[in-house]
Amino acid sequence: YDIRLSLVGSEMCIRDRYYYGRLRDLREDADLTQKDVGKILNTTQQQYAKYELGVQEIPTHHLITLADYYQVSLDYMVGRAEWADVEQWRNKHQK
């Protein structure tokens, strides 16, 4: 029985560090700086860097904002889905 995440208040606690790499990979694939993503989240570059490094958990509402921005599922953002699943998700959720 592998529990990889649980909700605690409005914060999502991820038990593995895979998720932090996804934040960085998605940002770099979109050719964005940490400062750019900080603006998207209405926070500072320094605060966003803490999320990307795993120093501080990213709030759930920020994960939702980034999933919408990058057009990926939350499952992909937190490491519960692979890239092939993203393509399938995008096809299902395209407007």
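Overview of the structure. (Residues numbered from 1 in each chain as written. Predicted model: local features only at pLDDT ≥ 70, side-chain atom pairs only at ≥ 80, totals over all residues. Heavy atoms only, no water.)

Regarding the side chain of E52
With respect to the secondary-structure elements, E52 resides in helix 3 (residues 45-53). A distance of 2.7 Å separates the side chain of E52 from the side chain of R27, its partner in a polar contact. In this structure, E52 is in contact with Y20, L23, R24, R27 and Q34, ignoring residues within four places of it in sequence. (Helix = DSSP H or I, 4+ residues; strand = E, 2+ residues; numbered from the N terminus. Polar contact = N/O pair within 3.5 Å; in protein donor to acceptor, adjacent residues only side chain to side chain. Contact = heavy atoms within 4.5 Å.)

Quick notes on the environment of R22
Mapping R22 onto the fold places it in helix 1 (residues 18-29). A relative accessible area of 5% places R22 in the buried class. Along the chain, R22 and V78 lie 56 residues apart, while their C-alpha atoms are 7.4 Å from each other. Discounting chain neighbours no more than four positions away, the residues touching R22 are Y76, M77, G79, A81 and E82. (Buried < 20%, exposed > 50% of the residue type's maximum accessible area, 1.4 Å probe, protein only.)

Structural notes on the nonpolar core
For soluble globular proteins, the rule of thumb is that nonpolar side chains tend to be buried together. Ranked by size, the top nonpolar core spans 19 residues in total, and within it L23, L66, Y70 and M77 carry the most contacts. Mapped onto this core, the elements with two or more residues apiece are helix 1, helix 3, helix 4 (60-70) and helix 5 (74-77). Not counting chain neighbours up to four residues away, the residues in contact with M77 comprise Y19, R22, L23, L26, L63, L66, A67, Y70 and V72. (Core = buried A, V, L, I, M, F, W, Y, C linked by side-chain atoms within 4.5 Å.)

Here we look at helix 4
Helical geometry: 3.6 residues make up each α-helical turn, so side chains three or four residues apart lie on a common side. Among the residues of helix 4, those classed as buried are T60, H62, L63, L66, A67 and Y70. An end-on view of helix 4 places all buried positions within 155 degrees of arc, on one side of the element. (Arc of directions from axis to C-beta.)

Some thoughts on the packing of aromatic side chains
Using the criterion set out here, one finds two aromatic pairs in the structure. For the pair Y48 and Y51, a centre-to-centre distance of 6.4 Å together with 90 degrees between the ring planes defines the contact as edge-to-face. Of this pair, Y48 and Y51 both sit in helix 3, separated by three residues, roughly a single helical turn. The exposure class of Y51 is buried, given its relative accessible area of 4%. The interplanar angle of 80 degrees and the centroid separation of 5.4 Å between the aromatic rings of Y69 and Y70 together place this pair among those described as edge-to-face. (Phe/Tyr/Trp six-rings, centres within 6.5 Å; stacked < 30°, edge-to-face > 60°.)

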